Amino acid sequence: ADTVQLLSLEREDDLEMLFETARKIRKANFGSKIFTYGFAYKSTFCRNDCTFCYFRRSNKRPQRYRKKTQDVLDIARYLSKEGVNLMDLTMGEDPRFHDSKNGELDALVQLVKDIKAVTDLPVMISPGVVPDEALAMLAAAGVTWYACYQETHNPALFKTLRTGQPYEERLEKKRVARKLGLLIEEGILSGIGESLSDIAHSIQVMRALDVDQVRVMKFVPQPGTPMATHAEEASLRECLIIAVLRLSFPDRLIPASLDVDGLAGLKMRLNAGANVITSLVPPEYGLSGVAHSELDIENANRTMTGIRPILDVCHLSAAKREDYLAWVRARQTVFS
């Protein structure tokens, strides 16, 4: 009931009080340090037909690609030199990775090892619902994070978003990953027809999963999808949910994604209590984003150089790699 009440705040002074509280909680747990994640979209092929996603299987509009190993390693080196704290190797549920017979899974495992070798950065991976053996192989290769978003924890709503995908199977993969020693990122979409009770329930489920990183992203309608004409909500609602997540998960990581509103939306998300900046993307590598496939990439706004002025305005600073590794190790000891 308290969570629903917080989620229903509308008055400007109430919202500012909530955001201020979220910032105080962040400061108490993390000081002024903000973690940064470099991002490489490895593959834009996907076997799924999610109604909300630009890269859904049946959408003919996206430019599909599978980045070559050398390209990904060049991107990883670039991001490492820039000073990011983690390499986020993002992908759709590419059918090639889900067919162990063709060697692509082995190649993905090797790619993780190569990224670790050339950057010494932690790696996050989001291959979707893969067999348990594949998760075990990736964990053994040195993957630190398994990102797998449920989008909603209302099974009926989930069914309309992730068509043909079992709700419980996707949830269970996160439990399997945790048993393998991986840190877990879970996330929800806002503005997809959920109620305030649905969001509050998601927070309960994510707390029960004991997730290490929890995120919300507002839904951005995508051309060529069944939800292309769905109304887009104001970004303030995403910020409200970020603040409530900070109150609910005081010592966990909560991202501010550059993928939704680009650099222009970063300050408001940081002011809501986020402590990770995700989707830093180097220009000139032909990479796509998720919510906005091109936003702020080629103008180099989604780089460490691009975000520093915003951090300065918010009296925050980019964390060093050692700071991030210390947090990761501390979390790993909690459940090891």
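The text that follows walks through the structure, step by step, so that each part is easy to find. (Residues numbered from 1 in each chain as written. Predicted model: local features only at pLDDT ≥ 70, side-chain atom pairs only at ≥ 80, totals over all residues. Heavy atoms only, no water.)

1. What to know about the overall build of the protein chain
From N to C terminus, the protein chain includes 13 helices and nine strands. Relative to a compact globule of 336 residues, whose C-alpha radius of gyration would be 20 Å, the protein chain shows 19 Å and is just as compact. Each principal axis of the C-alpha atoms in the protein chain carries an extent, and together these give about 55 × 40 × 40 Å. A buried classification covers 57% of the 336 residues belonging to the protein chain. A fraction of 74% describes how many contacts in the protein chain between residues 6 or more apart in sequence connect residues 24 or more apart. Of the roughly 13700 Å² of accessible surface on the protein chain, 52% is carried by carbon and sulfur atoms. Counting 44 positive and 44 negative side-chain charges, the protein chain places the averaged centre of each group 3 Å from the other. (Helix = DSSP H or I, 4+ residues; strand = E, 2+ residues; numbered from the N terminus. Rg over C-alpha atoms; globule rule 2.2 N^0.38 Å. Buried < 20%, exposed > 50% of the residue type's maximum accessible area, 1.4 Å probe, protein only. Contact = heavy atoms within 4.5 Å. Areas by Shrake-Rupley, 256 points an atom, 1.4 Å probe, with all protein chains shown as cover. Lys, Arg positive; Asp, Glu negative; His and termini not counted. Charge placed at Lys NZ, Arg CZ, Asp CG, Glu CD.)

2. Regarding the pattern of salt bridges
Taken as a whole and assessed by the stated rule, the structure comprises 28 salt bridges. With its nearest N and O atoms 3.3 Å apart, the salt bridge here joins E93 to R170. On the criterion of sequence distance, the pair formed by E93 in the loop between β2 (86-91) and α4 (104-119) and R170 in helix α7 (residues 167-179) is long-range, its members being 77 residues apart. Accessibility classification places E93 together with R170 in one group, the buried group. Between E238 and R269 there is a salt bridge, with its nearest N and O atoms 2.8 Å apart. Note that E238 is positioned in helix α9 (residues 235-248) and R269 in helix α11 (residues 266-271), a separation of 31 residues in sequence. Since its relative accessible area comes to 0%, E238 is described here as buried. According to the relative accessible area criterion, R269 is buried, its value standing at 0%. Salt bridges linked by common partners bring R178, D210, D212, D251, R252 and R331 together as one network. (Salt bridge = Lys/Arg side-chain N within 4 Å of Asp/Glu carboxyl O.)

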